[in-house]
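Reading the structure
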Amino acid sequence: MKQTAFEKSIDSASQIMLQKAEDEGIETAWDRYEQQLPQCSFGQLGICCRNCNMGPCRIDPFGEGTEKGICGATADIIVARNLLRMIAAGAAAHSDHARDAVLTFKKMSEGKAGSYRIKDEAKLYSLASEYGISAEEKSREEVAVELASALLSEFGKQEGPILCTKRAPESRLKLWSELGIEPRGIDREIVECMHRTHIGVDNDATHILLHGLRTSLSDGWGGSMIATEIQDVLFGTPEPKKSTVNLGVLSHDKVNVIVHGHEPILSEMIVEAAEDPELLELAEEKGATGINVAGICCTGNETLMRHGTPIAGTFLQQELAVITGAVEAMVVDVQCIMPSLGNLTGCYHTKFISTSPKADFPGTARMEFHEEEAYATAKEIVKAAVENFPNRNLKKVSIPEEKQECMVGFSAEAILKALGGSPAPLIEAIAGGAIKGIGAVVGCNNVKIQHNYGHVNLVKELIKNNVLVVTTGCNAIACAEAGLLVPEAAALAGDGLKGVCEALGIPPVLHMGSCVDISRILVLASAVANSLGVDISDLPAAGAAPEWMSEKAVSIGAYVVSSGVFTVLGTIPPVLGSQAVTALLTKGLDGVIGASFAVEPDPFKAADLMLEHIEGKRKALGLK
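Here goes a summary of the coordinates provided. (Residues numbered from 1 in each chain as written. Predicted model: local features only at pLDDT ≥ 70, side-chain atom pairs only at ≥ 80, totals over all residues. Heavy atoms only, no water.)

Looking now at the overall build of the protein chain. A tally of regular secondary structure across the protein chain gives 25 helices and 16 strands. Along the three orthogonal principal directions, the C-alpha set of the protein chain runs to about 65 × 65 × 50 Å. Put simply, the protein chain has 624 residues, and 62% of those count as buried. Intrachain contacts of the protein chain at a sequence separation of at least 6 include 75% that bridge at least 24 residues. Carbon and sulfur atoms provide 52% of the accessible area of the protein chain, an area that totals close to 23300 Å². Each charge sign in the protein chain was given a centre, from 55 positive and 79 negative side chains, and these centres are 2 Å apart. (Helix = DSSP H or I, 4+ residues; strand = E, 2+ residues; numbered from the N terminus. Buried < 20%, exposed > 50% of the residue type's maximum accessible area, 1.4 Å probe, protein only. Contact = heavy atoms within 4.5 Å. Areas by Shrake-Rupley, 256 points an atom, 1.4 Å probe, with all protein chains shown as cover. Lys, Arg positive; Asp, Glu negative; His and termini not counted. Charge placed at Lys NZ, Arg CZ, Asp CG, Glu CD.)

To continue, consider the packing of helix H6 (residues 121–130) against helix H7 (residues 140–156). At a minimum axis separation of 10 Å, H6 and H7 run at an interaxial angle of 50°. Between H6 and H7, the interaxial angle falls into the category oblique. Judged by the sense of rotation from one axis to the other, the crossing of H6 with H7 is left-handed. When H6 is examined against H7, the residues Glu121, Leu124, Tyr125, Leu127 and Ala128 are found in contact with a partner set consisting of Arg140, Val143, Ala144 and Leu147. Within the contact of H6 with H7, the residues separate by chemical class into seven nonpolar, no polar and two charged. (Axes fitted to C-alpha atoms, helices over the stretch in contact; angles between N-to-C directions. Parallel < 35°, antiparallel > 145°, perpendicular 65-115°, else oblique. Left-handed = near helix turned anticlockwise from the far one by under 90°. Nonpolar A, V, L, I, M, F, W, Y, C, P; charged D, E, K, R; others polar.)

Now for the sheet that holds strand S16 (residues 597–599). Ordered in space as S13-S12-S11-S14-S15-S16, the six strands form an open sheet in which the pairing is parallel. Both outer strands of the open sheet, strand S13 (509–511) and S16, are each paired with one neighbouring strand and no more. Here the average twist between neighbouring strands, direction ignored, is 25°. Pairing geometry for strand S11 (residues 437–441) and strand S12 (residues 467–471), over five bridges, is parallel. Opposite Ala440, over in S12, you have Val470 as the bridge partner. (Pairing = 2+ DSSP bridges.)

Our focus in this paragraph is the pattern of salt bridges. The full count for this structure, using the stated rule, is 41 salt bridges. The shortest N-O distance in the salt bridge between Asp31 and Lys2 comes to 3.0 Å. In this pair, Asp31 sits in helix H3 (residues 29–36) while Lys2 sits in the segment before helix H1 (5–8), placing the two residues 29 residues apart along the sequence. Overall, Lys2 belongs to the partly exposed group, its relative accessible area being 46%. One salt bridge in this structure joins Arg184 and Glu192, with 3.0 Å as the shortest N-O distance. Take Arg184 and Glu192: they sit in the same class, and that class is buried. By sharing partners, the salt bridges in this structure join Lys123, Glu130, Arg167, Glu229, Asp232, Glu302, Arg306, Glu413, Asp517 and Arg520 into a single network. (Salt bridge = Lys/Arg side-chain N within 4 Å of Asp/Glu carboxyl O.)

Turning our attention to helix H21 (residues 495–504). Every buried residue belonging to H21 is among Leu497, Val500 and Cys501, and all of these are buried. Buried residues of H21, seen end-on, are gathered within an arc of 95° and therefore sit on one face of the element. Residues Asp495, Glu502 and Ala503 are exposed on H21 and point more than 90 degrees away from its buried face. The first or second residue beyond H21 is Gly505, which carries a positive phi of 70°. (Arc of directions from axis to C-beta.)

Residues Ile10, Tyr453 and Phe604 make up a contiguous nonpolar surface patch of about 230 Å² in total accessible area. Along the chain, the position of Ile10 falls in the loop between H1 and helix H2 (12–24). (Patch = residues over 30% accessible without salt bridge, like charges linked within 9 Å, V, L, I, M, F, W, Y side chains within 5 Å.)

Backbone torsion omega between Leu37 and Pro38 reads -10°, so that peptide bond is classified as cis. You can see Pro38 is positioned in the loop between H3 and helix H4 (41–45). The omega torsion across Gly55 and Pro56 is 15°, close enough to zero to call that bond cis. Within the secondary structure, Pro56 sits in the loop between strand S1 (48–49) and strand S2 (57–58). In this structure, Gln335 takes a positive phi of about 75° despite not being glycine. Looking at the element boundaries, Gln335 is found in the loop between strand S7 (329–332) and helix H15 (341–346). Positive phi is not limited to glycine here, since Asn452 has a value of about 75°. Positionally, Asn452 belongs in the loop between S11 and helix H19 (453–464).

By the criterion of burial, helix H20 (residues 473–481) is predominantly enclosed, with nine of the nine residues buried. Looking at the residues trailing H20, positive phi occurs at Gly483, about 80°.

Here we take up the packing of aromatic side chains. For the coordinates displayed, the defined rule picks out three aromatic pairs. Summarising the aromatic geometry, the rings of Trp176 and Trp221 are spaced 5.8 Å apart at their centres and angled 65° between planes, so their arrangement reads as edge-to-face. In this pair, Trp176 sits in helix H8 (residues 170–179) while Trp221 sits in helix H10 (residues 205–235), placing the two residues 45 residues apart along the sequence. Trp221 sits in the buried class, given a relative accessible area of 0%. Their ring planes at 45° and their centres at 5.7 Å tell us that Phe352 and Phe361 sit as a pair that is tilted. Accessibility expressed as a relative area gives 15% for Phe361, which makes it buried. The ring of Tyr348 has Lys396 lying over it, and the distance from NZ or CZ to the ring centre is 5.2 Å. (Phe/Tyr/Trp six-rings, centres within 6.5 Å; stacked < 30°, edge-to-face > 60°. Lys NZ or Arg CZ within 6 Å of the ring centre and 35° of its normal.)

Glancing now at the state of the cysteines. One pass over the full model with this rule turns up zero disulfides. Not engaged in a disulfide, the cysteine Cys193 finds its nearest cysteine sulfur in Cys49; these two sulfurs lie 15 Å apart. Free cysteine Cys298: the closest other cysteine sulfur is in Cys515, separated by 3.9 Å. (Disulfide = S-S within 2.5 Å.)

This paragraph deals with the nonpolar core. Counting residues in hydrophobic clusters, the biggest one holds 174 residues, and the most contacted among them are Phe105 and Tyr116. If near-sequence neighbours (up to four positions away) are discounted, Phe105 is found in contact with Leu124, Ala144, Leu147, Ala148, Ile230, Val233 and Leu234. Among the nonpolar cores identified, the runner-up in size contains 40 residues, and Met17, Ile296, Ile337 and Leu344 belong to it. (Core = buried A, V, L, I, M, F, W, Y, C linked by side-chain atoms within 4.5 Å.)

Time to look at the environment of Trp30. Along the chain, the position of Trp30 falls in helix H3. Using a relative accessible area of 1% as the deciding quantity, one classes Trp30 as buried. Sequence-wise, Trp30 and Ala5 are 25 residues apart; in three dimensions their C-alpha atoms are separated by 9.5 Å. A distance of 3.4 Å separates the side chain of Trp30 from the backbone oxygen of Lys8, its partner in a polar contact. (Polar contact = N/O pair within 3.5 Å; in protein donor to acceptor, adjacent residues only side chain to side chain.)

Here you go:
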């Protein structure tokens, strides 16, 4: 049966746009999901292999038919190989993002990208020192050039662990070393994934998955962490600020430019160009009262936490934003951008502008971005949006009124600063029981779950039970839309957490950024663990991805668990075709790396699992 708009999303702004889409005969991701049903059960179980052209092969999940592929691969081998390839793709996405950020930083340092400048000098020198680069008798730019070279070498490092792993507790490093999963160069680990999963190479499920953990660590403690750090150097380390969120941030009177994707390298320039007096004057000539830049997905999170730029929505709201009929330009870079936007924008006046040399889509106006001409390109893009304003068809415009205030930008540095410079007050609050533990809730949207239902209800349950929540990605946006990222949301928290939040003037749910910024959570967890002299796996902490869907999320889940954090997934990964792989991920890993996965689509039951885990860790630490 076809779902109603109310069944598709819990967010009222989204419900209004879904109804508008239906009234106008516009197709959305939810419609295409229904057309796909029933989805391929072999794919859902992970037991289809097409790694060579003797196949594709598939295994009978009931044991009544084919038990092996043509080469002899069993369900265990096929599921493990498929999972490893998902981890490789996810790690590649984050890490290629990091590489682009470092290359921009390098060009800036060499004077080849004049639109950029160093905005966090303290972090530049701190990071350089971490890499053993002396600043003595060197200019800032000379230090930056050396740092860029050192960071780029991390991608191809052939031997020894990447340097940022040293931020992890000593006991965790020792464990990784003993297991042989210390991550070497990021590119090396990803290439080895592809080699191992080629026909006739690695055919032991456990052996394959151990390399998956190693590769994911090269993402979490490598690619993602490098992206976060160097973007902070270039664009500034986020500090708490207020903004607004949801589709109601779009303007009736201004030119609406949406930045969507994951890399802030262009969007930083778009935000700047939107304040250019020449373009503001042009906007006025075209009948607009100004230029309104809003974000979608993680590019939106990046500009949100550094500039307070409003954010229009999550991954599943990208089509809904266009359906408002009020978007002059949808400007995209990389990752989580639906190719459907090409046809969809053709139904309205919206210009669909793709900018990355490595990502094009049907129906786009290509305006390729290069760092050497960053501001000029950004200005050209914004100008195209401004000139499109008179083409807005007022009969098609319907902007929901819903927009919600939020407080964002809690980097690890900002949290420590709010605590007086050390994690001691947080540890005292945890030890005293005011805060029971930390919940890291992250991840995407997925049409298999009512939009934002898993995110919001899981987080509400955690804070109600005095668990401080840190969040990134689409979970952060969903929580903001539900009003959980304001200090007043402390009223929804248990008495202990409520008291802490009111004393510090912070929300019970802390926005820590985009999906690469999960590395900020690792840094914070390490700081707390090091202060206590324990491993991350000993902390009263748990993770969750209630509505995950991307390969990046698979890599994230693997590196979070490998770092010692019990993690609950809200959608089922394609592993159930192998009992051995499923058992290893949900039970076996706990005895190997001190953490494992659980799968629970019900957000209330998922919260119970996290609370039970946190309570167990508190008892083990001797806390009441």
